[in-house]
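# Breakdown of the fold
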Amino acid sequence: MASAAETILFTFRGKNRKEERVDGEVRADTLASAKAQLRKQGVISTWVKKKPKPMFSRDKKIVPADIAIFTRQLATMMKAGVPLVQSFEIVADGSEKPRMKALINEIRDDVSAGGGFATALRKHPRQFDDLFCSLVESGETAGALETMLDRVATSKEKTEQLKAKIKKALTYPIAVMVVAIIVTGILLIKVVPVFAETFSGFGADLPAFTLFVLGLSDALQESWMLVLFCLCWVNCVS
């Protein structure tokens, strides 16, 4: 069997044995091999295509969306009759994130050593909260792990969809704020100093607010690079 480095990552869409829509990724040597692998898992593919490689790759952190995809893929594998440990191997093989791949392999090793699935998940509290672990544990106890994973995956997918809608709704007001900040900065750096020269010739006391604006303009002119650096740093952290 070819190693993960020699195989190709394919994305697919299809239906499982219950006529439910499934999406995911699978690694294989060729397109035909990928389709054959999906058939063995009980997935009738609508389309299968090679996933394009990103222009810039780096070791990205694990996000909730990764856990949602992991749960959905695991539920799909188990519904198709694939054993749990083998499901881990297939899902890990299809993951592009090194951190996610390492996480799945750690969970697989713990389960292979005889530990429970929920017990293995509890070793990674940053990725799997108490509710997730408790639901998996109840599914193990009741002998309906694949059903419980399917429900958890559905819940997480809905949560991620809601987050995406909220981010989309906030895009416009954030863009307006950014433009307003840029315009304000230009006014303080370029326009206000012109008025400051005019005001200096009046020889009269200026209102407090005018003095505040002039002081803010002077401060911004002296440290605009520091302000720009801080804004870029906040953007990178967020």
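On a predicted model such as this, the values are computed, not experimentally measured, just so you know.

Conventions and cut-offs
- Residues numbered from 1 in each chain as written.
- Predicted model: local features only at pLDDT ≥ 70, side-chain atom pairs only at ≥ 80, totals over all residues.
- Heavy atoms only, no water.
- Helix = DSSP H or I, 4+ residues; strand = E, 2+ residues; numbered from the N terminus.
- Contact = heavy atoms within 4.5 Å.
- Pairing = 2+ DSSP bridges.
- Axes fitted to C-alpha atoms, helices over the stretch in contact; angles between N-to-C directions.
- Buried < 20%, exposed > 50% of the residue type's maximum accessible area, 1.4 Å probe, protein only.
- Salt bridge = Lys/Arg side-chain N within 4 Å of Asp/Glu carboxyl O.
- pLDDT = per-residue confidence, 0-100.
- Phe/Tyr/Trp six-rings, centres within 6.5 Å; stacked < 30°, edge-to-face > 60°.
- Core = buried A, V, L, I, M, F, W, Y, C linked by side-chain atoms within 4.5 Å.

### Quick word on the overall build of the protein chain
Within the protein chain, the secondary structure is distributed over eight helices and three strands. Its helices and strands taken in sequence order, the protein chain reads β-β-α-β-α-α-α-α-α-α-α from the N to the C terminus. Counted over contacts in the protein chain with a minimum sequence separation of 6, partners at least 24 positions apart contribute 52%.

### Examining the sheet that holds strand β3 (residues 44-50)
Sheet architecture is open: three strands sit in the order β2-β1-β3, paired in antiparallel fashion. Since the sheet does not close on itself, it has two edges, and those belong to β2 (21-28) and β3, each with one partner. Across this sheet, the average inter-strand angle for adjacent strands is 25°, counted without regard to direction. In the sheet, strand β1 (residues 8-15) pairs with β2 via eight bridges, with the strands oriented antiparallel. In the strand pairing of β2, G14 is matched with V22.

### Some points on the side chain of D66
Secondary-structure assignment places D66 in helix α2 (residues 64-79). Exposure remark for D66: the relative accessible area of 14% places this residue in the buried category. Beyond its immediate stretch of four places on either side in the chain, D66 contacts K61, K97 and M100.

### What about the pattern of salt bridges?
Tallied over the full model, the rule gives eleven salt bridges. K123 serves as the salt-bridge partner of D110, at 3.5 Å between the closest nitrogen and oxygen. Within this pair, whereas D110 is found in helix α4 (residues 98-112), its partner K123 is found in the loop between α5 (117-121) and α6 (130-142), the two being separated by 13 residues in sequence. In this structure D110 comes out as partly exposed when scored by relative accessible area, which is 24%. Using a relative accessible area of 52% as the deciding quantity, one classes K123 as exposed. Notably, a salt bridge pairs E137 with R122, separated by 3.1 Å at the nearest N-O pair. Of this pair, E137 sits in helix α6 while R122 sits in the loop between α5 and α6, and the two are 15 residues apart along the sequence.

### As for unusual backbone geometry
Not every positive phi belongs to a glycine, and E19 is a case in point at roughly 65°. Relative to the helices and strands, E19 is located in the loop between β1 and β2.

### Let's talk about the environment of L220
Among the secondary structure elements, L220 is positioned in helix α8 (residues 208-237). Placed 35 residues apart in sequence, L220 and G185 show a C-alpha to C-alpha distance of 7.9 Å.

### Here we look at the confidence of the model for the protein chain
Residues of the protein chain with pLDDT of at least 70 account for 87%, and the chain-wide mean is 82. This stretch, residues 1-5, has a pLDDT under 50; its non-local contacts, to residues over four places away or in other chains, come to four contacts.

### A closer look at the side chain of Q41
With respect to the helices, strands and loops of the structure, Q41 is situated in the loop between α1 (31-40) and β3. Those residues in contact with Q41 that sit more than four places away from it in its chain are M77, A80, V82 and I90.

### Observations concerning the environment of E222
In this structure, E222 sits in helix α8. Along the sequence, E222 and I189 sit 33 residues apart, while their C-alpha atoms lie 9.5 Å from each other.

### Quick word on the packing of aromatic side chains
Counted according to the given criterion, the structure contains four aromatic pairs. Taking the centre distance of 5.0 Å and the plane angle of 55° together, the rings of F128 and F132 count as tilted. In this structure F132 comes out as buried when scored by relative accessible area, which is 3%.

### Looking at the nonpolar core
Counting residues in each nonpolar core, the largest one holds 31 residues, and the members touching the most others are F88, I107, F117 and F128. Elements that contribute at least two residues to this core include exactly α2, α3 (84-93), α4, α5, α6 and α7 (145-200). Of all the elements, α2 adds the most residues to this core, at six residues. When near neighbours in sequence (up to four residues on either side) are disregarded, F117 contacts L74, L84, F88, I107, V111, V136, E140, L145 and L149. Residues F12, V26, A28 and V48 belong to the second largest nonpolar core, which totals nine residues.

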